[in-house]
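Below are the chains, spelled out letter by letter.
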There are 2 protein chains.
Amino acid sequence: MTKVNQNFLKLPGSYLFSEIARRLAAYTAEHPEAKMIRLGIGDVTRPLAPAVIEAMHKAVDEMGTFEGFHGYGPEQGYDFLREAIAKTDYAARGVDIKPEEIFVSDGAKSDCGNIGDIFGTDNVVAVCDPVYPVYVDTNAMAGRAGDFREELGKWSKLVYMPCVEENGFTPEIPQEKVDMIYLCFPNNPTGTVATKEQLKAWVDYANENKAVILYDSAYEAFITQDDVPHTIYEIEGARTCAIEFRSFSKTAGFTGNRCAYTVVPMELERDGAKLNALWNRRQCTKFNGVPYVIQRGAAAVYTEEGQRQIKETIAYYQENARVIREGLTAAGLTCFGGVNAPYIWLKTPDGMGSWEFFDKLLKEANVVTTPGAGFGPSGEGYIRLTAFGDADATKEAVARIRTMLGR
Amino acid sequence: MTKVNQNFLKLPGSYLFSEIARRLAAYTAEHPEAKMIRLGIGDVTRPLAPAVIEAMHKAVDEMGTFEGFHGYGPEQGYDFLREAIAKTDYAARGVDIKPEEIFVSDGAKSDCGNIGDIFGTDNVVAVCDPVYPVYVDTNAMAGRAGDFREELGKWSKLVYMPCVEENGFTPEIPQEKVDMIYLCFPNNPTGTVATKEQLKAWVDYANENKAVILYDSAYEAFITQDDVPHTIYEIEGARTCAIEFRSFSKTAGFTGNRCAYTVVPMELERDGAKLNALWNRRQCTKFNGVPYVIQRGAAAVYTEEGQRQIKETIAYYQENARVIREGLTAAGLTCFGGVNAPYIWLKTPDGMGSWEFFDKLLKEANVVTTPGAGFGPSGEGYIRLTAFGDADATKEAVARIRTMLGR
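What you see is a predicted model; the values in this text were computed from it and never measured. (Residues numbered from 1 in each chain as written. Chains lettered and ligands numbered in written order. Predicted model: local features only at pLDDT ≥ 70, side-chain atom pairs only at ≥ 80, totals over all residues. Heavy atoms only, no water.)

A few words on empty space enclosed by the protein. Here the structure, examined in full by the defined rule, presents seven cavities of 30 Å³ or more. Approximately 70 Å³ is the volume attributed to the largest cavity. If you go around the largest cavity, the residues you meet are A:Asp106, A:Ser110, A:Asn114, A:Arg282, A:Lys286, A:Phe287, B:Asp106, B:Ser110, B:Asn114, B:Arg282, B:Lys286 and B:Phe287. Going through the elements one at a time, helix H5 (108-114) and helix H9 (275-286) of chain A together with helix H5 (108-114) and helix H9 (275-286) of chain B are the ones with two or more residues in the lining of the largest cavity. Here the residues of the lining of the largest cavity sort into two nonpolar, four polar and six charged. (1 Å grid on protein atoms, 1.4 Å probe; cavity = no way out; pocket = protein on both sides within 12 Å on 5 of 7 lines; lining within 4 Å. Points joined across faces, edges and corners; volume = space filled by probe spheres on them. Helix = DSSP H or I, 4+ residues; strand = E, 2+ residues; numbered from the N terminus. Nonpolar A, V, L, I, M, F, W, Y, C, P; charged D, E, K, R; others polar.)

Opposite the 78 residues of chain A that make contact, chain B presents 78 residues. Between chain A and chain B the total buried area reaches about 6,600 Å² when both faces are included, carbon and sulfur atoms providing 59% of it. Ranking the residues of chain A by area buried against chain B places A:Thr2, A:Tyr72 and A:Arg281 at the top, with a combined share of 11%. Counting across the chain A and chain B interface gives six salt bridges. Between the two partners, chain A and chain B, sit 51 residue pairs in polar contact (both at pLDDT 80 or more). Residue assignment for the side of chain A that touches chain B shows that the elements contributing at least two residues are helix H1 (6-9), helix H3 (50-63), H5, helix H6 (133-142), helix H8 (248-251), H9 and helix H10 (292-300) of chain A. Counting residues per element, the side of chain A that touches chain B draws most heavily on H9(A), which supplies seven residues. (Contact = heavy atoms within 4.5 Å. Buried area = accessible area lost by both parts, 1.4 Å probe. Salt bridge = Lys/Arg side-chain N within 4 Å of Asp/Glu carboxyl O. Polar contact = N/O pair within 3.5 Å; in protein donor to acceptor, adjacent residues only side chain to side chain.)

Another point: the state of the cysteines. Per the stated rule, a full pass over the model turns up zero disulfides over all chains. Free cysteine A:Cys128: the closest other cysteine sulfur is in A:Cys163, separated by 3.8 Å. (Disulfide = S-S within 2.5 Å.)

For the rest of this paragraph, the subject is the relation of the copies chain A and chain B. The two chain copies are related to each other by a rotation about an axis together with a translation along it. Screw-axis analysis of chain A against chain B gives a translation of 0.0 Å along the axis, an RMSD of 0.0 Å, and a rotation angle of 180°. Taken together, these values place the two copies in the relation of a two-fold axis. Among all residues of chain A, the minimum C-alpha distance to the rotation axis is found for A:His57, at 3.1 Å. When you check the interface residues of chain A against chain B, 100% turn up at the interface there too, and the contact is symmetric in its surfaces. (Least-squares fit on C-alpha atoms with pLDDT ≥ 70 in both.)

Hydrogen bonds between backbone atoms are what pair the strands of a sheet, whose relative direction is either parallel or antiparallel. Residues and elements named next belong to chain A. Reading across from one edge, E13-E14-E17-E16 is the order of the four strands in this open sheet, with antiparallel pairing throughout. The open sheet has two edge strands, strand E13 (335-337) and strand E16 (370-371), and neither has a second partner. Inspection of the sheet shows E16 paired to strand E17 (residues 382-386) by two bridges, in the antiparallel sense. Following the sheet pairing, Thr370 is matched in E17 by Arg384. (Pairing = 2+ DSSP bridges.)

Moving on: the domain arrangement of chain A. Residues and elements named next belong to chain A. If you check the domain split of chain A, you get domain 1 (13-42 + 305-405) and domain 2 (52-302). Each partner contributes to the interface: domain 1 provides 26 residues, whereas domain 2 provides 34 residues. Linking domain 1 with domain 2 are one salt bridge, by the criterion used here. Note that Glu165 and Lys347 form a salt bridge whose closest N and O atoms lie 2.6 Å from each other. No other element matches the six residues that helix H11 (residues 304-330) contributes to the side of domain 1 that touches domain 2. Here the residues of the side of domain 1 that touches domain 2 sort into 14 nonpolar, ten polar and two charged. (Domains from an automatic or database assignment.)

Looking now at the sheet that holds strand E3 (residues 125-129) of chain B. All names here are of chain B. One open sheet holds the seven strands; their spatial order is E2-E10-E9-E8-E7-E3-E6, and the pairing between them is mixed. In this open sheet, the two strands that pair with only one neighbour each are strand E2 (102-105) and strand E6 (159-162). If you compare each strand with its neighbour and ignore which way they point, the axes differ by 20° on average. Direction of pairing for E3 relative to strand E7 (residues 180-184): parallel, over a ladder of two bridges. Of the residues in E7, the one forming a bridge with Ala126 is Ile181. Where helix H6 (residues 133-142) meets the sheet, its contacts fall on E3, E7 and strand E8 (212-216), and the angle it forms with E7 comes to roughly 160°. (Axes fitted to C-alpha atoms, helices over the stretch in contact; angles between N-to-C directions.)

Turning next to the environment of B:Ser217. Residues and elements named next belong to chain B. Counting through the fold element by element, Ser217 comes out in the loop between E8 and strand E9 (242-247). A relative accessible area of 0% places Ser217 in the buried class. The spatial distance from the C-alpha of Ser217 to the C-alpha of Glu244 is 7.0 Å, given a sequence separation of 27 residues. Excluding anything up to four places from it in sequence, Ser217 contacts Phe185, His230, Glu244, Phe245 and Arg246. (Buried < 20%, exposed > 50% of the residue type's maximum accessible area, 1.4 Å probe, protein only.)

Shown next as structure tokens:
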């Protein structure tokens, strides 16, 4: 008899965004006239850059000719893209990452999940709290999380590192020994960043304890302050302990284009094995590369025109973040993030619960947000607002929230 | 200390196609003047259909506008594509598959590998011998294959089902109980097919023993004979025991476009769980859908124009298969497959070994093939030829082989 993966059956049923969708649908069914503004889900809304569109058209044309047709590409991505990434995202910052350390993929979500394939199931996993749910759920599926404790909202075997106001939303190194450490800066959901010193402490810990840091820097393009690290490899020692995940999703509006990459340095060895070789084997066996047309689009991001165009779009979203952050702060609310990230982490007023304030905003301001509690127990008492909306709608949302609160 | 997945370390180093590439490179380095013809690797060579190109251009244009921009799509694929698949690939054959049973993905290779996520690691896995290496390697990575026995060329825990001349290259139901059964028809590498009666026996076995059939029908578009089943769901009872993998790669030349789909019927339950729900959870957690532009291209395959155009291309490859099959048969060689598949399974003359005959063809005819032994022990004594080349080059290759053999 076929046995299913029992770990799947331990996953709690209701997923954050489906619960939000359910509450939104229920409200709009009763109030079809309501003009809802969505500052909840983290999807981009601005079109692809003209340079990307042009490159994709050209690549589509190639695919229609004998001479230009591209069949199976390298599982790791085409050299033209890997080289552009190495040059612009790393060498230009003084960071030495070789093209063969870069694996192009269909998404940071896929990579963050699939990376678990190369690790044993008995590693101790540390995650921030609040956290992007994919890190937790994929480890639960693999059996590293143990059992879900409904009453605590936590998995039995995961080590949770609270990121709260008291520690500036930066995780502290846990007392117990941990093996796989998920870090995400600029952070989803809190929008906060880590300094070089803070990351250095993590790199030192990982090297001393032969742990691995799984570093998600999907939002690095939103960094505005000079001293904030864009990549973990700016930190000395990271090449022997860290894997980095990057994405074109937020950097270049590729959420519907599906392209990302993962960096696994050649020096990174654990348990006698080179992780670059293991990930290469994983990708060659269970993945067949990213569409040629999409990789050509991604490569156009690195042209002079492409860089200028994506920076305009990012500036547009950054301005939204400023509007939210400053508007709500002026109204006496406490906001974190939004300076180096497209996310604003808003403390609920008067100690309201996350879902309670979510419902209030939904019904009284017709603004859709994301309850912080959905990202983990330490997210209780917060909501997440995103800067990916239309500029006018964002201003209107802030005005409505202020009106609702009477300030 | 981080532990790696020890199963990765058990994988034998040299992969079939890299060994072929190595031998080819060594030969051409010594003979730079040689005009090599490649009938080895299974990649298509003809450009995408005009209808697909047109749809992709249109979709690229949409992605460049506010109104037409598509961000995150449904992880399972857009309805327009799932509905077109259900209608054309299934309903038109009298098979009832609902859109919600179809999961669009970036490749059958990915799905064949990732499907293992939803199953326990203690299932007994049965594979054909010879076999597409991905089924074996992904189970080895998950720990279901045991240890590799170099001297036998087999994994200790896998159940191998020989597909040889004596049984018409159709696997017999094994004596031992098995839980997960990989079947591929039209078959890669042998190019042979299974009859409805043969598949019925497998479906009955799977239902009686609560096993699951993982049915790869990536080559169904090449079927020419009326009574050959295109889908496992033509067989009564398959909805309660089978998952089917399909791909646009060979059907519509999408190897560089990356689009495929997997069917998991709603009735399919094992171990108290609906496999459709488990796969849905897997895809929603570790995958983020196929690019919008690619899905629009795939949907164009189902238009009247698209269907006509892809059939022309398939006919072109089928003619190549005929040329190889008939030409080599006329030369007194024994060929299998090539009637309902793009693969010809050629018995080596005079009992030569696979690699020996591969080397002879490489050096004396300058034709690159794939040694059957690379697909498993029962592939010894065969080579695989593919019909995806240029028509003139294919004719020339056959002529060269005949000249080489003096017949």
